[in-house]
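Breakdown of the fold
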Amino acid sequence: MSEPPIITHVSDKNTSPLTRPTSSRSVTETVNGSHRFVIQGYSLAKGMGVGKHIASDNFTVGGHQWAIYFYPDGKNPEDNSTYVSVFIALASEGTDVRALFELTLVDQSGKGKHKVHSHFDRSLESGPYTLKYRGSMWGYKRFFRRAMLETSDYLKDDCLKINCTVGVVRSTIDCSSLHPIQVPDSDMGSHFGMLLENMEGSDVVFSVAGEKFHAHKLVLAARSPVFRTEFFDELEGDKQEIVVADMEPRVFKAMLHFIYRDSLEEEELEDTSSSSVPSVTDTLTAKLLSAADRYDLTRLRRVCESHLCKDISVNSVSRTLALADRYHATELKAVCLRFAAENLAAVMQSDGFEYLKENCPSLQSELLKTVAGCEDDCSSGGGKSRSVWAQLSDGGDTNGRRVRQRT
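Residues numbered from 1 in each chain as written. Predicted model: local features only at pLDDT ≥ 70, side-chain atom pairs only at ≥ 80, totals over all residues. Heavy atoms only, no water.

1. Some details on the overall build of the protein chain
Along the backbone of the protein chain there are 15 helices and 13 strands. Split into buried and exposed, the 407 residues of the protein chain put 40% on the buried side. Once local pairs closer than 6 in sequence are excluded, the contacts in the protein chain between residues at least 24 apart make up 67%. Accessible surface, the protein chain: about 24,300 Å² in total, of which carbon and sulfur atoms supply 50%. (Helix = DSSP H or I, 4+ residues; strand = E, 2+ residues; numbered from the N terminus. Buried < 20%, exposed > 50% of the residue type's maximum accessible area, 1.4 Å probe, protein only. Contact = heavy atoms within 4.5 Å. Areas by Shrake-Rupley, 256 points an atom, 1.4 Å probe, with all protein chains shown as cover.)

2. Observations concerning unusual backbone geometry
One non-glycine residue, Asp96, adopts positive backbone phi at about 50°. Within the secondary structure, Asp96 is located in the loop between strand 5 (83-90) and strand 6 (97-105).

3. Topic: the confidence of the model for the protein chain
Per-residue confidence for the protein chain gives a mean pLDDT of 83; residues scoring 70 or more make up 82%. Across residues 380-389, where pLDDT falls below 50, the model places 11 contacts with residues more than four positions away in sequence or in other chains. Taken as a whole, residues 395-407 scores under 50 in pLDDT and shows 20 contacts with residues more than four places along the chain or in a different chain. (pLDDT = per-residue confidence, 0-100.)

4. Observations concerning the side chain of Ser118
Residue placement: Ser118 occurs in strand 7 (residues 115-118). Residue Ser118 is classed as buried on the basis of its relative accessible area, which comes to 8%. For Ser118, the side chain forms a polar contact with the side chain of Glu102, separated by 2.7 Å. At 3.0 Å, the side chain of Ser118 forms a polar contact with the backbone nitrogen of Phe120. (Polar contact = N/O pair within 3.5 Å; in protein donor to acceptor, adjacent residues only side chain to side chain.)

5. Some remarks on the packing of helix 10 (residues 317-326) against helix 11 (residues 330-342)
Interaxial distance between helix 10 and helix 11 falls to 8 Å at its minimum, and their mutual angle equals 150°. The angle between helix 10 and helix 11 places the two elements in the roughly antiparallel class. The handedness of the crossing between helix 10 and helix 11 is left-handed. Facing helix 10, whose interface residues are Val317, Thr320, Leu321, Ala324 and Asp325, helix 11 presents Leu332, Lys333, Cys336, Leu337, Phe339 and Ala340. (Axes fitted to C-alpha atoms, helices over the stretch in contact; angles between N-to-C directions. Parallel < 35°, antiparallel > 145°, perpendicular 65-115°, else oblique. Left-handed = near helix turned anticlockwise from the far one by under 90°.)

6. Things to note about the environment of Arg228
Considering the arrangement of structural elements, one finds Arg228 in helix 5 (residues 225-233). Using a relative accessible area of 38% as the deciding quantity, one classes Arg228 as partly exposed. Along the chain, Arg228 and Lys217 lie 11 residues apart, while their C-alpha atoms are 8.1 Å from each other. Not counting chain neighbours up to four residues away, the residues in contact with Arg228 comprise Ala221, Ala222 and Asp233. A polar atom in the side chain of Arg228 sits 2.9 Å from the backbone oxygen of Ala221.

7. Some points on the nonpolar core
Counting 60 residues, the largest nonpolar core has Phe206, Leu220, Phe252, Met255, Leu288 and Leu300 as the members making the most contacts within it. Tallying contributions element by element places helix 6 (residues 249-261) first for this core, with eight residues. In this structure, Met255 is in contact with Phe227, Leu288, Ala291, Tyr295, Leu297 and Leu300, ignoring residues within four places of it in sequence. Counting residues in each nonpolar core, the second largest holds 29 residues, with Ile68, Val84, Val97 and Trp138 among its members. (Core = buried A, V, L, I, M, F, W, Y, C linked by side-chain atoms within 4.5 Å.)

8. Topic: the state of the cysteines
Defined simply, a disulfide is a covalent bond joining two cysteines at their sulfur atoms. By the definition in use, this model includes zero disulfides. Considering cysteine sulfurs only, Cys309 is the nearest to Cys336, which forms no disulfide, with 7.2 Å between them. (Disulfide = S-S within 2.5 Å.)

9. Concerning the sheet that holds strand 13 (residues 241-244)
Here we have three strands laid out as an open sheet, ordered 12-11-13, and mixed in their pairing. Among the strands making up the open sheet, the edge pair consists of strand 12 (211-215) and strand 13. Averaged over all adjacent pairs, the angle separating strand axes in this sheet is 25°, with direction ignored. Direction of pairing for strand 11 (residues 204-208) relative to strand 12: antiparallel, over a ladder of five bridges. (Pairing = 2+ DSSP bridges.)

10. Looking at the side chain of His117
Here His117 shows up in strand 7. Looking at His117, the relative accessible area reads 16%, which means it is buried.

11. Details of helix 6
Taking 1.5 Å of rise per residue, the 13 residues of helix 6 would be expected to cover 18 Å, and the 18 Å separating its terminal C-alpha atoms lies within 8% of that figure. Among the 13 residues in helix 6, 10 count as buried, and that is most of the element. Those residues of helix 6 lying buried are Pro249, Val251, Phe252, Ala254, Met255, Leu256, His257, Phe258, Ile259 and Tyr260. Just downstream of helix 6, Asp262 is the residue with a positive phi angle, here 60°. (Expected span 1.5 Å × (residues − 1).)

12. Concerning helix 8 (residues 284-294)
Buried within helix 8 we find Leu284, Thr285, Ala286, Leu288, Leu289, Ala291 and Ala292. In the segment just after helix 8, Asp296 is the residue with positive phi, at about 55°.

13. Brief notes about the packing of aromatic side chains
Tallied over the full model, the rule gives 14 aromatic pairs. Geometrically, the ring pair formed by Tyr71 and Phe87 is edge-to-face, given 6.0 Å between the ring centres and 80° between the ring planes. Of this pair, Tyr71 sits in strand 4 (residues 64-71) while Phe87 sits in strand 5, and the two are 16 residues apart along the sequence. The same class applies to Tyr71 as to Phe87, namely buried. Pairing Phe227 with Phe231 gives two aromatic rings, centres 5.6 Å apart and planes at 10°, and the pair type is stacked. You can see Phe227 and its partner Phe231 sitting in helix 5, four residues apart, about one turn around the helix. The exposure class assigned to Phe227 is buried, which follows from its relative accessible area of 0%. Above the ring of Phe87, the side-chain terminus of Lys75 is found at 5.5 Å from the ring centroid. Sitting above the plane of the Tyr355 ring, Arg319 keeps its charged end 4.1 Å from the centroid. (Phe/Tyr/Trp six-rings, centres within 6.5 Å; stacked < 30°, edge-to-face > 60°. Lys NZ or Arg CZ within 6 Å of the ring centre and 35° of its normal.)

Shown next as structure tokens:
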């Protein structure tokens, strides 16, 4: 007889690393539902016999059917109809259905003194009630003494109202952390951007200072109310080529990029920030703000406001304020007014303030109101800011020179 083969186990030092630990959580809670049972003609129901009931319509809670049984002459023969009985019954197929119950006999006097029997507001030593099968019931054989009921505020116009709440116990395993599904970032912008780049299906051409830009009317109309009106509401909507005046090609190109991709090239905006050009009005961002206002591109306007806000300084705030006012950039305008009010003495000495006085006199009154608000918020500003305000309102400057008001 040959000997059995010898089986050896070789340990692999290059075993795979331990898998990521998993977790789960058991959650036990109740699925609650309520039903109101109105018993009209109580006096006519009396005498139907002990153990005989009036049943409510079936109602569904937690995937099971339930019904309320009212026994006008009681359920227990030994009580000789001294009590009325009320029960909640499982009216559909089910096995070991665990639930909490609440029965409320409604006080119809308006005093709110309802008679309530409830599992919900107390701790149950043996846990929720278990109904073994269809027809199983929970309730009270001696729910209320009948003689007392008939002289109480619970009975009105020969009518009783019973509210019932059922809470079916459910246990679930929360294992969402075991199988996370990552949702990728939206790539809609890149898809629309490809349409712009390859010009596939384009049906309109824009001529901007001699440079041609192909686009799609539907895309532009979806993004801009102005384009929508131009393409679909006006008689010239069938034009295949549109000349755009008073706009640089690079600005129109950046605007198209935003319309299709809902984003701007950050590097290009930073390269043309107010720190690298003579005036804020010469920046690409400022010119895009103008384009956003022209074509009613609300989100582009807000993006431009955000970029311009980062470059606000004593020297630039006046021109930025004028820019914001001209192109309806309300958020940027509010920031500029607040900044100028809080740094008024320095701002009034800047070249930009002279530009503001000569070109936007109406903004001076708005600045006055903002200064007044700042002083109300922070009275510790003292005489310095108050004297500056007086000089501004009188048309003077911080050096005490009078400035003749323009008429």
